[in-house]
There are 2 protein chains.
Amino acid sequence: MANMDINEFREFGRAAIDFVADYLENIRDRDVLPSVEPGYLHDLLPGELQNEPEDWKTIMEDFKRCILPGLTHWQSPHFHAFYPSQTSYSSIVGETLAAGLGVVGFSWICSPVCTELEVIMMNWLGQLLNLPKAFLNCDEGNGGGIIQGSASESILVAVLAAREQAVRRLRTQHPELTEADIRGRLVAYTSDQSNSAVEKSGILGAIKMRLLPADETGILRGSTFIQAVEEDVAKGLFPVICVATLGTTGTCAYDNLAEIGPYCNEHNIWLHIDAAYAGAALCLPEYTHIMKGAELADSLNFNLHKWMFVNFDCCAMWFKDAGSVTQSFSVDRIYLQHQFQGHSKAPDYRHWQIQLGRRFRSLKVWITLRTMGAEKIRSLIRFHIQLANRFEEYVRTDDRFEVLCSTLALVCFRLKGDDARSKQLLENITKRKKIFMIPATYQGKFIIRFMICGIDPQMHDIEYAWEEVRSQADLLLGVDENRNVAKQAIERVEPKLYEKSSEIGKITESLTGMVISSEKGQ
Amino acid sequence: MANMDINEFREFGRAAIDFVADYLENIRDRDVLPSVEPGYLHDLLPGELQNEPEDWKTIMEDFKRCILPGLTHWQSPHFHAFYPSQTSYSSIVGETLAAGLGVVGFSWICSPVCTELEVIMMNWLGQLLNLPKAFLNCDEGNGGGIIQGSASESILVAVLAAREQAVRRLRTQHPELTEADIRGRLVAYTSDQSNSAVEKSGILGAIKMRLLPADETGILRGSTFIQAVEEDVAKGLFPVICVATLGTTGTCAYDNLAEIGPYCNEHNIWLHIDAAYAGAALCLPEYTHIMKGAELADSLNFNLHKWMFVNFDCCAMWFKDAGSVTQSFSVDRIYLQHQFQGHSKAPDYRHWQIQLGRRFRSLKVWITLRTMGAEKIRSLIRFHIQLANRFEEYVRTDDRFEVLCSTLALVCFRLKGDDARSKQLLENITKRKKIFMIPATYQGKFIIRFMICGIDPQMHDIEYAWEEVRSQADLLLGVDENRNVAKQAIERVEPKLYEKSSEIGKITESLTGMVISSEKGQ
């Protein structure tokens, strides 16, 4: 065998599976953040590929020696930064199988199952998320779904498709304008809380992307949007698309679709919904209300690689009219033609996306969804929300902290008082590398985001995280070790006893006084 | 464990590795093309995800029952269509490990090794391909490489970066024009033989992409390009970029960089080189001449997932001035900032690409390159070229066929005479599903492309393919079974004997006469 012997592959492959199992089983033993400086790897690896082949065992040793120390452990339940990118055991196996099959799926004939399984998975997912039927391929309309690599790609596809549709329409409506004139007057909208990928899609698509101010709770409201559009129309601009967010990156706020959607529909403005994270929660009946107005959208996306146990990259995207994107992007060549082109159960997905080539991503989706089943998916997502709720309870019981907002499995909190205190707290925690959180801003204040991430987080991980936050706050706020021990001892006392004991009450009072005066001294 | 038990994962993972080993070892036993009709899978799978979890063994059975029959076997050495997308055993393991680590690498802090290994691998690859030093990060300049998903993405990134650079420059040079005016006058160039992804990049980037006529050998010549540019400049347009191809999709022709490059440099036109397939051959000293003029390019890409034994997706892209793309695409947010931003050994690759998120692709590159070593890579690529040469010899020994062009591991051939005959031959061969080839056009003629693909192709695979082509030509051209048997018997005779035996000579003559008359009767 050209690359390595087949039996060596079996050994190497099994060793990799065992490594992954051991790694994920014991992931809590590692600091979540690495201790390396930029350039560390340049000192460990040779500057050039050597001529001779190397044994897989040597490479596996080097993997442990050189690669592992440079990892930020996204699958650790002590990772609470950004948004989750949870893998799962079954998804890892799905990725392995797909790599083994090594197919590329840019058209139906390139591997019929690669296209057809994707069509079916997108229907399964649409049903699981309680999406409006109009987005599904199994409905009578022109709806349909595709797996894109990331939310960034989905957003860009929506922006570009909307742009091309608008240009076609406007050229007919405004024969007096040149195409360049029309393109120069196009304008798109999103909130200043949307992901950086939305702003970037404007740059990439050469379309002005207005970042409209969200309200004080991080939500883009209809009135703000409508006012912006009307201003622009009065200036002779052409509104093209609004990219709304269900679950903003900073604080997981939901833009008000019920206010924005009807106006978009009336005024021929494409409505795209980026539900990258929060989309997964739509599988819970108790959360479908956040989708109110989504039936008015032209397209939406959510990331299976965030919160649906499929490893990165895997982003589901639906269109209400798939023709709107294929018309915009279609380029055909003789070498891409095949007998079954245009068959509705065999869409040529290359016209729905940026790239020509396609990975067989639906395989890991199929394997993951089946090993879990709908009920387990729902109960796990509920459990992650409970974990976040528990963390929130801890924060709320500590007077030094305030919770500014919390949604799904995200809690945004801070130390009361100046931003500098929270910044310092986060910096200290990050330096210790025990848990990883990142900041955001909310209502002009610096906040710390606590997100449930990693593979299979448990209640004790929340206790671990809170202990880290609380104890670092103690240190920062100058509560010395003895006071701290005393405070903990008191907290451990049975609450009823605590209330009744006037003596303990007095100690608590005086301790609180000391804490507050020590805070002021900071 | 949330998704499945850790020991189940070990079993499932090992079963997957064993399946892949068995599948790839015995891949020649399968028809390369599937026998399914569009919609076949919709009849096999339920319309909705079930509620309960399922055992991995059940899923594995269904995988074999439902998924395998719908595959086109890209890794089969009987696959000779499109371009190769060769995986390798080590790359499959690399993909498994990356899926197990489950990291996302949009900035250095997200996993330092994910960024740093990529920097180092891009230097290893650049050296392996004998690229001009100016493209490498280890050079003094601003060069640098990144792993993109596909050639389509690389081309789009080049087009968009070139567009934004041009707009900035032109706004200064032409204060009398509006930005819309400038954007409306931008024009890009490529040949009519370049991949559909180039034309699509024009649509996506809202920039006019002129498909210039290649010469009769499929090459874009400097004179054609320069004439087009001068026409456009005379019309007041602004030339932005030329996307040249090293190894066109149809016939693997090389655009003349030495003619195009100097003009691009003199006139501030970005030169991008798409060497998706042929780039791998640059590791052979005897092929570096095809790169003449590449030192004049601003960016180039080649696909490791085509011909460098790394599974899809994995496309290497280099810039001579990485700043030109980061300036164009950069969007920063508080949640993306980190302490080591701007460090040259720790580039924030998210500014070099379309997406925010990034897979840990350099891991499979590192593992694959090391298990092979530079010499084995070179000898394998040479061997694949030899395999194609052997096929070409077979075709040339058969008077009914003609070879129109051949380069690297691609042979373009046809039956002499009307296109209809070659079309019918290809259709018949495709229906039989024993080998898979696709058509192209060359000098106005329908040609059949024979490409060396699949995992570890051997000389006997070439004999198999030629036997299929030859025997199907026999059938098509009306050589009946008896004549065919006689002809084969004669061919098997030792050539010297064959020359000397006047009797056999006469039989051959009369048989040839019959074949020709039967051809005319078709």
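Reading the values: the criteria
Residues numbered from 1 in each chain as written. Chains lettered and ligands numbered in written order. Predicted model: local features only at pLDDT ≥ 70, side-chain atom pairs only at ≥ 80, totals over all residues. Heavy atoms only, no water. Helix = DSSP H or I, 4+ residues; strand = E, 2+ residues; numbered from the N terminus. Buried < 20%, exposed > 50% of the residue type's maximum accessible area, 1.4 Å probe, protein only. Contact = heavy atoms within 4.5 Å. Areas by Shrake-Rupley, 256 points an atom, 1.4 Å probe, with all protein chains shown as cover. Patch = residues over 30% accessible without salt bridge, like charges linked within 9 Å, V, L, I, M, F, W, Y side chains within 5 Å. Salt bridge = Lys/Arg side-chain N within 4 Å of Asp/Glu carboxyl O. Lys, Arg positive; Asp, Glu negative; His and termini not counted. Charge placed at Lys NZ, Arg CZ, Asp CG, Glu CD. Buried area = accessible area lost by both parts, 1.4 Å probe. Nonpolar A, V, L, I, M, F, W, Y, C, P; charged D, E, K, R; others polar. Polar contact = N/O pair within 3.5 Å; in protein donor to acceptor, adjacent residues only side chain to side chain. UniProt positions renumbered as here; feature names shortened; annotations may be inferred. Pairing = 2+ DSSP bridges. Axes fitted to C-alpha atoms, helices over the stretch in contact; angles between N-to-C directions. Least-squares fit on C-alpha atoms with pLDDT ≥ 70 in both. Domains from an automatic or database assignment. Parallel < 35°, antiparallel > 145°, perpendicular 65-115°, else oblique. Left-handed = near helix turned anticlockwise from the far one by under 90°. Right-handed = clockwise from strand over helix to strand, strands pointing away. Core = buried A, V, L, I, M, F, W, Y, C linked by side-chain atoms within 4.5 Å.

### Some details on the overall build of chain A
When helices and strands are counted, chain A shows 18 helices and 11 strands. Counting all 522 residues of chain A, 64% fall into the buried class. Counted over contacts in chain A with a minimum sequence separation of 6, partners at least 24 positions apart contribute 73%. Carbon and sulfur atoms make up 49% of the accessible area of chain A, which totals about 18000 Å².

### A look at a negative patch on the surface
On the surface, Glu176(A), Asp181(A), Glu176(B) and Asp181(B) cluster together to form a negatively charged patch. Relative to the helices and strands, Glu176(A) is located in the loop between helix 6 (151–173) and helix 7 (179–184).

### Thoughts on the interface of chain B and chain A
Accessible area lost during the coming together of the parts is what is often quoted as the interface size. Every contact between the two is made by 152 residues of chain B and, on the other side, 152 residues of chain A. With both sides pooled, the region where chain B packs onto chain A buries about 13600 Å², and carbon together with sulfur makes up 68% of that total. The partner of Arg10(A) in a salt bridge is Glu25(B), and the shortest N-O contact between them spans 3.6 Å. The element best represented in the side of chain B that touches chain A is helix 1 (residues 6–25) of chain B, accounting for 16 residues. Residues of the side of chain B that touches chain A, tallied by class, amount to 81 nonpolar, 40 polar and 31 charged.

### What to know about unusual backbone geometry
Across the junction of Phe312(A) and Asp313(A), the peptide omega takes the value 5°, indicating a cis bond. Note on placement: Asp313(A) falls in the loop between helix 11 (304–307) and strand 7 (315–319). Positive phi outside glycine occurs at Ala206(B), with the angle close to 50°. Relative to the helices and strands, Ala206(B) resides in the loop between helix 8 (196–204) and strand 3 (208–212).

### Notes on helix 10 (residues 257–266) of chain A
All names here are of chain A. Looking only at helix 10, the buried set comprises Leu 257, Ile 260, Gly 261, Tyr 263 and Cys 264. Check the buried side of helix 10 and you find it contacts helix 9 (222–234), strand 4 (238–245) and strand 5 (270–274). Residue Asn 256 occupies the N-cap position of helix 10, its side-chain oxygen lying 3.2 Å from the main-chain nitrogen of Ala 258. After helix 10 finishes, the residue Asn 268 shows a positive phi value of roughly 60°.

### What to know about the UniProt feature "modified residue: N6-(pyridoxal phosphate)lysine" (unreviewed entry) in chain A
Residue and element names in this part refer to chain A. Summarizing the sequence annotation, UniProt attributes the feature "modified residue: N6-(pyridoxal phosphate)lysine" (unreviewed entry) to Lys 306 in the numbering used throughout. Among the secondary structure elements, Lys 306 is positioned in helix 11. Take Lys 306: its relative accessible area is 16%, and that puts it in the buried class. Apart from the residues lying within four places of it in its own chain, the contact partners of Lys 306 are Tyr 83, Pro 84, Ser 85, Gln 86, Ala 276 and Tyr 277.

### Considerations on the sheet that holds strand 9 (residues 410–415) of chain A
All names here are of chain A. With respect to topology, four strands assemble into an open sheet ordered 8-9-11-10, the strand pairing being antiparallel. In this open sheet, the two strands that pair with only one neighbour each are strand 8 (401–407) and strand 10 (438–442). Within the sheet, the average angular offset between the axes of one strand and its neighbour, ignoring direction, is 35°. Of the strands in this sheet, strand 8, strand 9, strand 10 and strand 11 (445–451) are in contact with helix 14 (residues 419–432), which crosses strand 11 at around 35°.

### Overview of the relation of the copies chain B and chain A
When chain B is fitted to chain A, the residual RMSD is 0.0 Å, and the transformation amounts to a turn of 180° plus an axial shift of 0.0 Å. What the rotation and shift describe, once combined, is the action of a two-fold rotation axis. A shared binding surface is used by both copies, with 100% of the interface residues of chain B retained as interface residues in chain A.

### Things to note about the pattern of salt bridges
For the coordinates displayed, the defined rule picks out 74 salt bridges over all chains. The partner of Arg163(B) in a salt bridge is Glu164(B), and the shortest N-O contact between them spans 2.8 Å. Two residues, Arg378(B) and Glu375(B), come together in a salt bridge whose shortest N-O distance is 3.0 Å. Here Arg378(B) and its partner Glu375(B) are both found in helix 13 (residues 362–397), three residues apart, which amounts to about one turn of the helix. Shared partners join several salt bridges into a network, and the residues in it are Glu95(A), Asp313(A), Arg359(A), Arg361(A), Lys364(A), Glu95(B), Asp313(B), Arg359(B), Arg361(B) and Lys364(B).

### Structural notes on the domain arrangement of chain A
All names here are of chain A. Along its sequence, chain A is carved into domain 1 (13–45 + 55–86 + 374–479) and domain 2 (104–372). Taken together, the contacts link 26 residues of domain 1 with 30 residues of domain 2. Between domain 1 and domain 2 the total buried area reaches about 2400 Å² when both faces are included, carbon and sulfur atoms providing 66% of it. Summed over the three residues of domain 1 that lose the most area to domain 2, namely Tyr 83, Ile 377 and Leu 408, the buried surface amounts to 28% of that side. For the pair domain 1 and domain 2, the interface holds one salt bridge. For the pair domain 1 and domain 2, the number of links is 10 residue pairs in polar contact (both at pLDDT 80 or more).

### Here's the deal with the side chain of Glu392(B)
Residues and elements named next belong to chain B. Relative to the helices and strands, Glu 392 is located in helix 13. Residue class for Glu 392 comes out buried when judged on its relative accessible area of 13%. Only 2.7 Å separates the side chain of Glu 392 from the side chain of Arg 396, close enough to count as a polar contact. Polar side-chain contacts of Glu 392 include one of 2.7 Å to the side chain of Ser 406. When residues no more than four places from it in sequence are discounted, the contact partners of Glu 392 are Val 403, Ser 406 and Val 411.

### Description of the packing of helix 5 (residues 112–128) of chain A against helix 13 (residues 362–396) of chain A
Residue and element names in this part refer to chain A. Direction vectors running N to C along helix 5 and helix 13 enclose 20°, while the axes themselves pass 10 Å from each other. By the angle between their axes, helix 5 is roughly parallel relative to helix 13. Crossing hand, helix 5 versus helix 13: left-handed. Together, Cys 114, Leu 117, Glu 118, Met 121, Trp 124, Leu 125 and Leu 128 of helix 5 and Ser 362, Leu 363, Val 365, Trp 366, Leu 369, Arg 370, Ala 374, Ile 377 and Arg 378 of helix 13 make up the contact between the two elements. Classifying every residue of the contact of helix 5 with helix 13 gives 12 nonpolar, one polar and three charged.

### Digging into the environment of Ala440(A)
Residue and element names in this part refer to chain A. With respect to the helices, strands and loops of the structure, Ala 440 is situated in strand 10. Under the relative-accessibility criterion, Ala 440 is labelled buried at 2%. In sequence terms Ala 440 and Leu 477 are 37 residues apart; their C-alpha atoms lie 22 Å from each other.

### Thoughts on the sheet that holds strand 8 (residues 401–407) of chain B
What holds strands together in a sheet is hydrogen bonding between their backbones, with the strands either parallel or antiparallel. Residues and elements named next belong to chain B. The four strands lie next to each other as 8-9-11-10, forming an open sheet whose pairing is antiparallel. Strands at the two margins of the open sheet, each flanked by one partner only, are strand 8 and strand 10 (438–442). On average, adjacent strands in this sheet sit at an angle of 35° to one another, irrespective of strand direction. Sheet analysis places strand 8 next to strand 9 (residues 410–415), joined by six bridges and oriented antiparallel. Residue Phe 401 lies in a different strand from strand 9, and its bridge partner there is Leu 415.

### With respect to the pairing of strand 5 (residues 270–274) of chain B
All names here are of chain B. Taking burial as the measure, the five residues of strand 5 include five buried ones, the bulk of the element. A two-sided burial pattern is seen for strand 5, the buried positions comprising Trp 270, His 272 and Asp 274 on one face and Leu 271 and Ile 273 on the other. With five bridges joining them, strand 4 (residues 238–245) and strand 5 adopt parallel strand pairing. Note on strand 5: the bridge partner recorded for Ala 244 is Ile 273. As for the winding sense of the linkage, the β-α-β connection from strand 4 through helix 10 (residues 257–266) to strand 5 is right-handed. In terms of strand pairing, strand 5 meets strand 6 (residues 299–303) through three bridges, oriented parallel. Paired with Asp 274 across the two strands is Asn 301, which belongs to strand 6.

### Describing the side chain of Asp461(A)
For Asp461(A), the position within the fold is in helix 15 (residues 459–476). Setting aside anything within four residues of it in sequence, one finds Asp461(A) in contact with Arg28(A), Pro77(A), His78(A) and Asp456(A).

### Observations concerning the nonpolar core
Met308(A) and Met308(B) are the most contacted members of the largest nonpolar core, which has 311 residues in total. What Met308(A) contacts, discounting residues up to four positions off in sequence, is Leu125(A), Leu128(A), Leu129(A), Ala280(A), Cys283(A), Phe302(A), Thr368(A), Ile377(A) and Ile381(A). Formed by 70 residues, the second largest nonpolar core is a distinct cluster that contains Val240(A), Ile207(B), Phe238(B) and Trp352(B).

### Things to note about the pairing of strand 6 (residues 299–303) of chain A
Residues and elements named next belong to chain A. Among the five residues in strand 6, five count as buried, and that is most of the element. Burial along strand 6 is two-sided: Ser 299, Asn 301 and Asn 303 facing one way and Leu 300 and Phe 302 facing the other are all buried. Pairing of strand 6 with strand 7 involves five bridges; the strand directions are antiparallel. Note on strand 7: the bridge partner recorded for Asn 303 is Cys 315.

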